[in-house]
Amino acid sequence: MPTVILDNGASTIKAGILGVHDHCPRVVPNAVVRAKADNATYIGHELANCRDFTSLRFRLPFEKGFLVDWDAQKAIWDGIFSTEVLAVNTSEASLLITEPYFNLPNIQDVYDQFMFEEYEFRSYFRCTPASLISYGRLFAQQNLPPPECLLIIDSGFSFTHVVPILNGEVVWHAVKRIDVGGKLLTNHLKETVSYRQWNMMEETHIMNEIKEACCFVSEDFAADLETCRARPTANPIVQEYIFPDYSARRPGRIRNPGESLDESTQQTLKMANERFSVPEILFRPTNIGLDQAGLSATVAASIALLPEDLQGMFWANIGLIGGNTAMPGFRQRLTSELRSLAPIECAVRVHASAEPILETYRAAAAFAARPDFASRCAVTREEYQEMGASACRRKFRDWKPAPADRDQQQQLQSATGSRGARGKARAAGSSTSDSESSAPEGRDGGSPPPAQPTKKPGRGRGRGRGARGGAGKRGA
Ligand SMILES: Nc1ncnc2c1ncn2[C@@H]1O[C@H](COP(=O)(O)OP(=O)(O)OP(=O)(O)O)[C@@H](O)[C@H]1O
Ligand SMILES: [Mg+2]
């Protein structure tokens, strides 16, 4: 029986089949995208067929870090299970899927319903990304088991979470969230550039590429700022990014030093202090008015909540996952700031992944390959049929909200309930109404959890077939 693994991120889904894609999962955009150039709609993996990325309009299943648009999500999952990507018959497969930290219980119920009732998986396991990391290679040392105490920093698209793990279990009361993720960083860069140079407000996709190509984390912010101020045009930091030319099939890239340009066809964007002032938000959220501690102080605050005799082990076993940690200088800056915050007798070690976006998927594959995954961890279809959602609640080691949190959630849900209905009205990829945005990188800062899930799958409805008909569980 094949085991499907989905690291279901808010920006991309890392998807594969155990034993087939263990090191190289397919990375599928978690979006339904409307392209202006050809007026076509691309669902998830289909975006690879798009040739002109100008003024794309995105519809994202995730909003403020939580899955709310189930129609869009289903269409993207259908594509992934279809012959075009994984070619898997879901009713003959097992599934491991990641979910957001602090996922709401009613959203978790919809995950479970989807997997058992819509896709009819034989068995299924749901957990947060950080809880899988100890099974992967991030902390691997020859002939040694993973450390008992780990502190994972997951800086992805929606947020940045600091997640302590003790003996394989998330220590939930010490988990911290900073409301800064790649989404906010791209958005901030887009606004800065639009104010200073070109109007890029409709060009989220291109600005995201520029961010990934040019941005770095400064190891000395004040000194780098001064370098850019003293010699605005000729300094070692400034770069020029040559915009893509889709009609000539030329992707965007950084201009080589001294390279001459054809001014009639090649336009450039100057990236000077934007290169490091944008990532700086992660370390100083107050720079943009967010009333939150920066990453290093958040790590220290999280460790302070852990058992005192174990704190030294957490300082020594910090691991980085998530796309933002790929930025050059991230690990060095964090290490030097943490060194000054940690007790003098503690060793501070930060483990970075060469491919932080794939780290969770690879750890998930190692976890799913263990003999006890199927027998002890996953919930079977029969168990679900017998006990319903409580089968999953009992077995999955996820977050259980305290009663006070539950009251707060209910208030938040009723306050945001009207927004949640929006996704229900539209079928995935069917329109470009006002709720679609050319700017999916809206700011998440300080926002409450989202509304109730927008749609619950009913038995027999659609049965895993995609919005476009071709996709579905009837893969090869
Ligand atoms: N080299 C890079 N430099 C800067 N940012 C990067 C780089 N590579 C990826 N990113 C950013 O990382 C983010 C995606 O990271 P990741 O894949 O970990 O998120 P996700 O799992 O989809 O989302 P989430 O974990 O929030 O649900 C995007 O915002 C992307 O722009
Ligand atoms: Mg992620």
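Residues numbered from 1 in each chain as written. Chains lettered and ligands numbered in written order. Predicted model: local features only at pLDDT ≥ 70, side-chain atom pairs only at ≥ 80, totals over all residues.

Draft legend 1. A look at the overall build of the protein chain. Of regular secondary structure, the protein chain possesses 16 helices and 20 strands. Every one of the 476 residues in the protein chain was classed for burial, and the buried ones make up 47%. For the protein chain, restricting intrachain contacts to residue pairs at least 6 apart in sequence, the fraction spanning at least 24 positions comes to 74%. (Helix = DSSP H or I, 4+ residues; strand = E, 2+ residues; numbered from the N terminus. Buried ≥ 20, exposed ≤ 12 C-beta atoms within 10 Å, placed from the backbone. Contact = placed C-beta atoms within 7 Å.)

Draft legend 2. Representation of the packing of helix 3 (residues 182–196) against helix 4 (residues 204–214) within the structure. Running from amino to carboxyl end, helix 3 crosses helix 4 at an angle of 105°, the nearest separation of the two axes being 9 Å. Judged by the angle between their axes, helix 3 and helix 4 are roughly perpendicular. Together, Leu 185, Thr 186, Leu 189, Lys 190 and Val 193 of helix 3 and Thr 204, Met 207, Asn 208 and Lys 211 of helix 4 make up the contact between the two elements. Per-class residue counts for the contact of helix 3 with helix 4 are four nonpolar, three polar and two charged. (Axes fitted to C-alpha atoms, helices over the stretch in contact; angles between N-to-C directions. Parallel < 35°, antiparallel > 145°, perpendicular 65-115°, else oblique. Nonpolar A, V, L, I, M, F, W, Y, C, P; charged D, E, K, R; others polar.)

Draft legend 3. Summary view of the packing of helix 8 (residues 295–304) against helix 10 (residues 330–341). Packing of helix 8 against helix 10 leaves a shortest axis separation of 9 Å and a crossing angle of 45°. One way to sum up the angle between helix 8 and helix 10 is to call them oblique. You can see that helix 8 and helix 10 cross each other, and the crossing is right-handed. On the side of helix 8, the interface is formed by Leu 295, Ser 296, Val 299 and Ala 300, while helix 10 contributes Leu 334, Glu 337, Leu 338 and Leu 341. Residue composition of the contact of helix 8 with helix 10, by class: six nonpolar, one polar and one charged. (Left-handed = near helix turned anticlockwise from the far one by under 90°.)

Draft legend 4. How the structure looks around the environment of Ala 10. You can see Ala 10 is positioned in the loop between strand 1 (3–8) and strand 2 (12–17). Residues Ala 10 and Asn 30, spaced 20 residues apart in sequence, show a C-alpha to C-alpha distance of 6.3 Å. Those residues within four positions of Ala 10 in sequence are excluded, and the remaining contacts are Asn 30, Leu 60, Phe 62, Gly 65, Gly 156, Phe 157 and Ser 158.

Draft legend 5. Representation of the sheet that holds strand 15 (residues 239–242). Strand order across the open sheet formed by three strands is 16-15-17, with antiparallel pairing between neighbours. Looking at strand neighbours, the two that pair on one side only are strand 16 (253–254) and strand 17 (268–271), the edges of this open sheet. For strand 15 and strand 17, the ladder comprises four bridges, and the chain directions are antiparallel. Its bridge partner being in strand 17, Glu 240 is matched across the sheet by Lys 270. Seen against the sheet, helix 4 touches strand 15, strand 16 and strand 17 and runs at an angle of roughly 140° to strand 15. (Pairing = 2+ DSSP bridges.)

Draft legend 6. Region of interest: the pairing of strand 11 (residues 149–155). Summarising burial for strand 11: seven of the seven residues are buried, a large majority. The alternating pattern of strand 11 places Cys 149, Leu 151, Ile 153 and Ser 155 and Leu 150, Ile 152 and Asp 154 on opposite faces, both of which are buried. Sheet topology note: the strand 11/strand 12 (residues 160–166) ladder contains seven bridges and is antiparallel. Across the sheet, Leu 150 pairs through a bridge with Ile 165, a residue of strand 12.

Draft legend 7. Region of interest: the site of ligand 1. Near ligand 1 lie 21 residues; those nearest to it are Gly 9, Gly 156, Phe 157, Gly 182 and Gly 323. Contributions of two or more residues to the shell around ligand 1 are made by helix 3 and helix 4. (Near = placed C-beta within 6 Å.)

Draft legend 8. Highlighting helix 3. Taking 1.5 Å of rise per residue, 15 residues should cover 21 Å, and helix 3 covers 21 Å from first to last C-alpha, within 8% of that figure. Taken together, the buried positions of helix 3 are Gly 182, Lys 183, Leu 184, Leu 185, Thr 186, Asn 187, His 188, Leu 189, Lys 190 and Val 193. Taken together, the buried residues of helix 3 touch helix 4, strand 17, helix 6 (274–277) and helix 7 (280–283). (Expected span 1.5 Å × (residues − 1).)

Draft legend 9. Expanded view of the pairing of strand 18 (residues 318–321). Residues Ile 318 and Leu 320 point to one face of strand 18 and Gly 319 and Ile 321 to the other, with burial holding for every one of them. Here four bridges tie strand 11 to strand 18, and the two strands are oriented parallel to one another. Counted as the bridge partner of Ile 152 is Gly 319 from strand 18. One ladder, built from three bridges, connects strand 18 with strand 19 (residues 350–352); its direction is parallel. Counterpart to Gly 319 in the pairing with strand 19 is His 351. Where the polypeptide runs from strand 18 across helix 10 and back to strand 19, its parallel neighbour, the crossover connection is right-handed. (Right-handed = clockwise from strand over helix to strand, strands pointing away.)

Draft legend 10. Spotlight on the sheet that holds strand 4 (residues 32–34). Read across the sheet, three strands follow the order 5-4-6 without closing on themselves; strand pairing throughout is antiparallel. Looking at strand neighbours, the two that pair on one side only are strand 5 (41–43) and strand 6 (57–59), the edges of this open sheet. Taking each pair of neighbouring strands and ignoring which way they run, the sheet shows an average axis angle of 20°. Both strand 4 and strand 6 contribute to a ladder of three bridges, which runs antiparallel. By the bridge assignment, Arg 34 is partnered in strand 6 with Arg 57.

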